[in-house]
Amino acid sequence: MPSSRTGRPPVQRAARRPVVPGPPRENPLRTLHTRARRAWDRPLTAYYVILGGSALIIVLGLVMVYSASQITALQMSLPGSYFFRKQLLAAVIGAVLLLVASRMPVKLHRALAYPILAGAVFLMALVQVPGIGVAVNGNQNWIALGGSFQLQPSEFGKLALVLWGADLLARKQDKRLLAQWKHMLVPLVPAAFMLLGLIMLGGDMGTAIILSAILFGLLWLAGAPTRLFVGVLSVAALIGAVLIRTSPNRMARLACLGATEPQTGPVDCWQAVHGIYALASGGIFGSGLGASVEKWGQLPEAHTDFIFAVTGEELGLAGTLSVLALFAALGYAGIRVAGRTEDPFVRYAAGGVTTWITAQAVINIGAVLGLLPIAGVPLPLFSYGGSALLPTMFAIGLLIAFAREDPAARMALAMRQPRFGKKRNGGSQGPRRWNTMRRRAPVARSSGER
């Protein structure tokens, strides 16, 4: 071995180890997408989204009703919290209805379909009786209950059409009758037209549009042929065009689309234009809660039909996008419940409720944005009005009950641990396995045909 200059043997260096490449770094966006998808696939996701989303909409709506209605109440020589207290009372009663509806079995929901329809038809006919019916803003669709309380029966007609139509279509599907067009249309379409006629006697075109949307939603879910669907839609559009053409008030609302000045010729677009002013002055984060300027007598119906405009002015773009996101989540969860069930009644009822809430929200927000004519319908769960809030909260209870009835959701609820004591079913259990709701039940679960 050769020696070094110092006389010591040279130090042998260890051979370098080959560099082993580590595992590839995961894309954070892909990881986030995977986690979100797994969370959404959990059995109870739709249940929590419907419950949490509707609760947030109601609470935020109470806050905005209090903010938007103070000036109106003071102008009427009433306490500033007058409308808020009435809305809070309706929300408490609606919470009881929501809880009852969410705990009721599907059989009982089907059994209530006919009594609710009969009651709604009776009350809607009672509106036209002189001395009982009350006209509000030119529409006679209210019943005086005494004091300052009034009832709008047409709001309960939406719930009646959903429950009765879903039960009717489910029974006909069980008997394999929906393949015949006459069984698909009769008696669903005539009954819906009867409700529409009672509503239009009072002049409420906005509620009639919502009821028509529910009817078309039920027909679409039932698998109506394209020719049949287009035929019914054409008849409804023709009737609607005639009703709009023969009413100067409705023609004036149609002429205000895209208006930027309060007065455009003979048509007064004050409400539509000031709604745009409110949204435009809000900016990104708004002027602050309670700091709206348009609610000081400039914007009519600030706490009812145009509460979304006040929300945009006080909470800005962030607030309005939050409201839109909550309605989008609620609608998607309703579609999920309707699309992943084997029970035809649950599918039709969940689809009808989702169509109702989504269509009404689109029509209200579209009118505030100036994209649709002002139809005079409230923003569901958000605007002031107990007659609209009570049936809508009952309908939310329906969606919650249907979400709980899913086999995977029922299993997940049964596996949840109580807060104190041992696990349910006794003894130790293995690790939980979350079955996704993408897997349909192999056997159709009957909802109990009467």
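Everything that follows concerns the structure shown earlier in this document.
Because the structure is a prediction, the values reported are computed rather than measured.

S.K.: Teacher, can you tell me more about a nonpolar patch on the surface here?
M.R.: A contiguous nonpolar surface patch, about 440 Å² in accessible area, is contributed by Leu89, Ile93, Leu97, Leu145 and Phe149. The element contributing the most residues to the nonpolar patch is helix α3 (residues 82-103), with 3 residues. Structurally, Phe149 is set in strand β3 (residues 149-151). The exposure class assigned to Phe149 is partly exposed, which follows from its relative accessible area of 40%.

S.K.: It is not clear to me how the packing of aromatic side chains should be interpreted in this structure. Could you clarify?
M.R.: Any aromatic ring pair is given by two values, namely how distant the centres are and how the planes are angled relative to each other. Throughout the structure, instances matching the rule amount to 6 aromatic pairs. With 5.1 Å between their ring centres and 80° between their planes, Tyr82 and Phe83 make a pair best called edge-to-face. Among the residues examined, Phe83 registers a relative accessible area of 8% and is labelled buried. Measuring from ring centre to ring centre gives 6.5 Å for Tyr114 and Trp164, while their planes differ by 85°; the resulting arrangement is edge-to-face. Note that Tyr114 is positioned in helix α5 (residues 113-126) and Trp164 in helix α6 (residues 153-174), a separation of 50 residues in sequence. With relative accessibility at 33%, the residue Tyr114 sits in the partly exposed group. Each residue in the set Tyr82, Phe83 and Tyr384 is aromatic and connected to the rest through ring pairs, giving one cluster. Positioned over the ring face of Phe149 is Lys86, at 5.1 Å from the centre of the ring. In this structure, Arg347 packs its charged tip against the face of Tyr348, placed 5.3 Å from the ring centre.

S.K.: Quick question: what am I supposed to make of unusual backbone geometry here?
M.R.: Glycine aside, negative phi is the norm for most residues, and most peptide bonds take the trans geometry. Of note, the amide linkage connecting Val186 to Pro187 takes the cis form, showing an omega dihedral of 5°. Mapping Pro187 onto the fold places it in the loop between α7 (181-185) and α8 (188-201). For Arg176, which is not glycine, the phi dihedral falls at a positive 60°. Position of Arg176 among the secondary structure elements: in the loop between α6 and α7.

S.K.: Sorry, what's going on with the nonpolar core here?
M.R.: In this structure, Leu188, Leu219, Ile396 and Phe402 are the most contacted members of the largest nonpolar core, which totals 110 residues. No other element matches the 13 residues that helix α14 (residues 344-368) contributes to this core. Beyond its immediate chain neighbours, meaning those up to four positions away, Leu188 contacts Leu161, Trp164, Gly165, Leu168, Leu169, Leu215, Leu218 and Leu219.

S.K.: Can you walk me through the sheet that holds strand β2 (residues 139-146) in this structure?
M.R.: Strand pairing in a sheet relies on backbone hydrogen bonds. The paired strands run either parallel or antiparallel. The strand order across the open sheet built from 3 strands is β1-β2-β3, with neighbouring strands paired in antiparallel fashion. Across the chains shown, the open sheet's two edge strands, defined by having one partner strand only, are β1 (133-136) and β3. Adjacent strand axes in the sheet meet at a mean angle of 50° when their direction is disregarded. In this sheet, β2 lies alongside β1 in antiparallel orientation, the contact comprising 4 bridges. Note that in β2 the partner of Gly133 across the bridge is Ile143.

About the cut-offs
- Residues numbered from 1 in each chain as written.
- Predicted model: local features only at pLDDT ≥ 70, side-chain atom pairs only at ≥ 80, totals over all residues.
- Heavy atoms only, no water.
- Patch = residues over 30% accessible without salt bridge, like charges linked within 9 Å, V, L, I, M, F, W, Y side chains within 5 Å.
- Areas by Shrake-Rupley, 256 points an atom, 1.4 Å probe, with all protein chains shown as cover.
- Salt bridge = Lys/Arg side-chain N within 4 Å of Asp/Glu carboxyl O.
- Helix = DSSP H or I, 4+ residues; strand = E, 2+ residues; numbered from the N terminus.
- Buried < 20%, exposed > 50% of the residue type's maximum accessible area, 1.4 Å probe, protein only.
- Phe/Tyr/Trp six-rings, centres within 6.5 Å; stacked < 30°, edge-to-face > 60°.
- Lys NZ or Arg CZ within 6 Å of the ring centre and 35° of its normal.
- Core = buried A, V, L, I, M, F, W, Y, C linked by side-chain atoms within 4.5 Å.
- Contact = heavy atoms within 4.5 Å.
- Pairing = 2+ DSSP bridges.
- Axes fitted to C-alpha atoms, helices over the stretch in contact; angles between N-to-C directions.

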